[in-house]
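# Inside the fold
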Amino acid sequence: MRTSYSIAKPTFKEQVREFMWFNIPKFFTYFVVLISFCPIFISKFSDIRPCLSLAPIFFWAVYRPHSFSAKDAFIIGLVLDLFETTPLGLNTLIMTLFYILSNSQRRFLFTHPFAFVWCIFGLFGCAAYVLKWLLASVNYATFLPFKIVFISQFLVFLSYPLICPFCNKLHIILRDH
């Protein structure tokens, strides 16, 4: 005897809701990208643009990789490439490699305390900034000022504890969903 089970198709409203819940990490990262483009009106620091999007990319790569993939990091990098004065494709490469590096260390970082993860973020961020500086210098055929890179990386390092609680709160909300 055959019995047929009918599975109710989710309504459009339910599909939109699921789509929104699944993409919250991406939306938050885009929000951080927008914040990073806010002008800084300090005369000596007008050239400094910290790449704040490294913090949520690192967080999502470690704690929620199924909601934020390397493809999403690539798209974030592409958005940064379109709005910054760096060579096209540079941020795309850096964000994608940063995500892959962070995600590859996911199992190791997942069990460690915040201070340790923060230090590893600083180390990975430093590697990303040095690679970006090196590739941009090769592109322009001159060494760009390293002081700006150092200050930008330091600001990104300091921003991680400010951005991470929001990511963590979203992660808990999504986990309980």
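None of these values were measured; they are calculated from a predicted model.

## Considerations on the packing of helix α2 (residues 24-36) against helix α4 (residues 70-83)
Direction vectors running N to C along α2 and α4 enclose 20°, while the axes themselves pass 11 Å from each other. Comparing the axis directions of α2 and α4 gives the class roughly parallel. Here the hand of the crossing between α2 and α4 comes out right-handed. In this structure, α2 uses Lys26, Thr29, Tyr30 and Val33 to contact α4, whose residues at the interface are Asp72, Ile75, Ile76, Val79 and Leu80. Its residues assigned to classes, the contact of α2 with α4 shows six nonpolar, one polar and two charged.

## Concerning helix α5 (residues 90-104)
For α5, built from 15 residues, the straight-helix expectation of 21 Å at 1.5 Å per residue is met to within 8% by its first-to-last C-alpha distance of 21 Å. Within α5, the full set of buried residues consists of Leu90, Asn91, Thr92, Ile94, Met95, Thr96, Phe98, Tyr99 and Ser102. At its buried positions, α5 is contacted by α3 (54-63), α4, α6 (106-109) and α7 (114-140).

## A few points about the side chain of His171
By the element assignment, His171 lies in helix α8 (residues 146-176). We classify His171 as buried; its relative accessible area is 11%. The residues contacting His171, other than those within four sequence positions of it, are Phe59, Trp60, Tyr63 and Arg64.

## A short note on the packing of aromatic side chains
In this description, a pair of aromatic rings is defined by centroid distance and the angle of the planes. Tallied over the entire structure, the rule returns 17 aromatic pairs. Taken together, a centroid distance of 4.5 Å and an interplanar angle of 25° make the contact between Phe121 and Tyr160 stacked. Of the two residues, Phe121 is situated in helix α7 and Tyr160 in helix α8; the sequence distance between them amounts to 39 residues. Each member of the pair Phe121 and Tyr160 is classed as buried. Three or more aromatic residues joined by ring pairs form one cluster here, namely Phe58, Phe98, Phe114, Trp118, Phe121, Phe124, Phe157 and Tyr160.

## Structural notes on unusual backbone geometry
What you tend to see is this: most non-glycine residues have negative phi, and most peptide bonds are trans. For Ala141, which is not glycine, the phi dihedral falls at a positive 60°. Along the chain, Ala141 turns up in the loop between α7 and α8. A relative accessible area of 71% places Ala141 in the exposed class.

Rules of the game
Residues numbered from 1 in each chain as written. Predicted model: local features only at pLDDT ≥ 70, side-chain atom pairs only at ≥ 80, totals over all residues. Heavy atoms only, no water. Axes fitted to C-alpha atoms, helices over the stretch in contact; angles between N-to-C directions. Helix = DSSP H or I, 4+ residues; strand = E, 2+ residues; numbered from the N terminus. Parallel < 35°, antiparallel > 145°, perpendicular 65-115°, else oblique. Left-handed = near helix turned anticlockwise from the far one by under 90°. Contact = heavy atoms within 4.5 Å. Nonpolar A, V, L, I, M, F, W, Y, C, P; charged D, E, K, R; others polar. Expected span 1.5 Å × (residues − 1). Buried < 20%, exposed > 50% of the residue type's maximum accessible area, 1.4 Å probe, protein only. Phe/Tyr/Trp six-rings, centres within 6.5 Å; stacked < 30°, edge-to-face > 60°.

Taken by themselves, the reported measurements are silent on function.
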